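Topology and contacts: notes
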Amino acid sequence: MSAEDAKNAAVEEEVPELEPAEVTQGGKQSKRYAKAMAKMGLKPEPNIAKVAIRKAEALSFAIPQPEVYRFPGTNTFIIFGEAQIDSMGALAQEAAARAAVGGEAAEAGASKVEEVEDEAEEDAGDIPEKEIEVVKNQANVSRNKAIKALKNNNGDVVNAIMELTM
């Protein structure tokens, strides 16, 4: 077999496709975390199935099967795990399920009343249209909510956005 025949044979052979390897936290890594946390005085929090972090109304993260450590005597935690972006539809379904089970129907009714009140056209007054659009786009809210926030903050765009997103 010549060198060219060897090259052609290598090209003709089927090359198996590689599958991505799942990297799991081994027992060694987990033990290292636990040891380091114990040195800092942190206590592990058992029986936590999921951690949800909501940054804004439209952005939410979930960490399934987290390793959670707590500073004793405080509400400060360290969370290890893989963060995933949570869908808002799933959060709405979860909230509806809680409302049905936990009797939070009164809160849900209050938010519906707020939405109905928001439908009334808000007078912009002397607020520039450009500022209304900036607040509306940055906070991802309706025009009326943007105008109300700007009025509440005396036309300060940054504080209006902060009010709507925090």
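Residues numbered from 1 in each chain as written. Predicted model: local features only at pLDDT ≥ 70, side-chain atom pairs only at ≥ 80, totals over all residues. Heavy atoms only, no water.

1. A short note on the sheet that holds strand β6 (residues 84–85)
Heads up, the rule is: Note on pairing: two strands pair once DSSP finds at least 2 bridges between them. Comment: elements are numbered from the N terminus, with helices defined as DSSP H or I runs of at least four residues and strands as E runs of at least two.
Across the sheet, three strands lie side by side as β2-β3-β6; this open sheet has antiparallel pairing. Of all the strands in the sheet, the pair left with one neighbour each is β2 (50–56) and β6. Where strand β3 (residues 59–64) meets β6, two bridges bridge the pair, whose relative direction is antiparallel. From the neighbouring strand, alanine 62 faces β6, where its bridge partner is glutamine 84.

2. Comments concerning a nonpolar patch on the surface
Defined as follows: A patch consists of residues whose relative accessible area exceeds 30% and which take part in no salt bridge; residues with like charges are grouped when within 9 Å of each other, and nonpolar side chains (Val, Leu, Ile, Met, Phe, Trp, Tyr) when within 5 Å. Methods summary: accessible areas were calculated by the Shrake-Rupley approach with a probe of 1.4 Å, and residue burial reflects only the protein chains presented. Throughout this description, the term salt bridge denotes a Lys or Arg side-chain nitrogen within 4 Å of a carboxyl oxygen of Asp or Glu. Only protein chains enter the accessibility calculation, which uses a 1.4 Å probe; a residue whose area is less than 20% of its type maximum is buried, one above 50% is exposed, and one in between is partly exposed.
Together, Ile53, Phe77 and Ile79 make up an exposed nonpolar region whose accessible area comes to about 230 Å². Mapped onto the elements, isoleucine 79 comes out in strand β5 (residues 77–80). With relative accessibility at 34%, the residue isoleucine 79 sits in the partly exposed group.

3. Re the pattern of salt bridges
With the rule as written, the count across this model stands at one salt bridge. Arginine 143 serves as the salt-bridge partner of glutamate 129, at 2.7 Å between the closest nitrogen and oxygen. Of the two residues, glutamate 129 is situated in helix α5 (residues 129–139) and arginine 143 in helix α6 (residues 143–152); the sequence distance between them amounts to 14 residues.

4. Side note on the side chain of asparagine 153
Stated formally: Within 3.5 Å is the distance limit for a polar contact, defined as a pair of N or O atoms, with the added protein rule that one can donate a hydrogen and the other accept it, and that residues adjacent in sequence qualify only through two side-chain atoms. Any two residues having at least one pair of non-hydrogen atoms within 4.5 Å are treated as being in contact.
Mapping asparagine 153 onto the fold places it in the loop between α6 and α7 (157–165). Under the relative-accessibility criterion, asparagine 153 is labelled buried at 18%. A polar side-chain atom of asparagine 153 sits 2.7 Å from a polar atom in the side chain of glutamate 163. Aside from chain neighbours lying at most four places away, what touches asparagine 153 is Asn159, Ala160 and Glu163.

5. Section: α7
Here is the rule we go by: The directions from the helix axis to the C-beta atoms form the arc being described.
Residues of α7 that are buried include every one of Ala160, Ile161 and Leu164, and no others. Looking down the long axis of α7, one finds its buried residues gathered within 95° of arc, a one-sided arrangement. One side-chain oxygen at the N-terminal end of α7 lies 3.2 Å from the backbone nitrogen of valine 158; it belongs to aspartate 156.

6. Focus on the pairing of β5
Bridge count between strand β4 (residues 67–70) and β5: four bridges; the pairing is antiparallel. Residue tyrosine 69 lies in a different strand from β5, and its bridge partner there is isoleucine 78. Between β4 and the antiparallel strand that follows it, β5, lie six residues; glycine 73 among them carries a positive phi value of about 80°.

7. Structural notes on the confidence of the model for the protein chain
As a reminder, the rule being used: The predictor attaches a confidence to each residue, and that confidence, scored 0 to 100, is pLDDT.
Confidence in the prediction of the protein chain, expressed as mean pLDDT, is 74, and 65% of residues score 70 or more. Averaged over each element, pLDDT in the protein chain is lowest for helix α4 (residues 105–118) (46) and highest for α6 (89). Note on residues 104–118: pLDDT under 50 across the span, and eight contacts to partners over four residues away in sequence or across chains.

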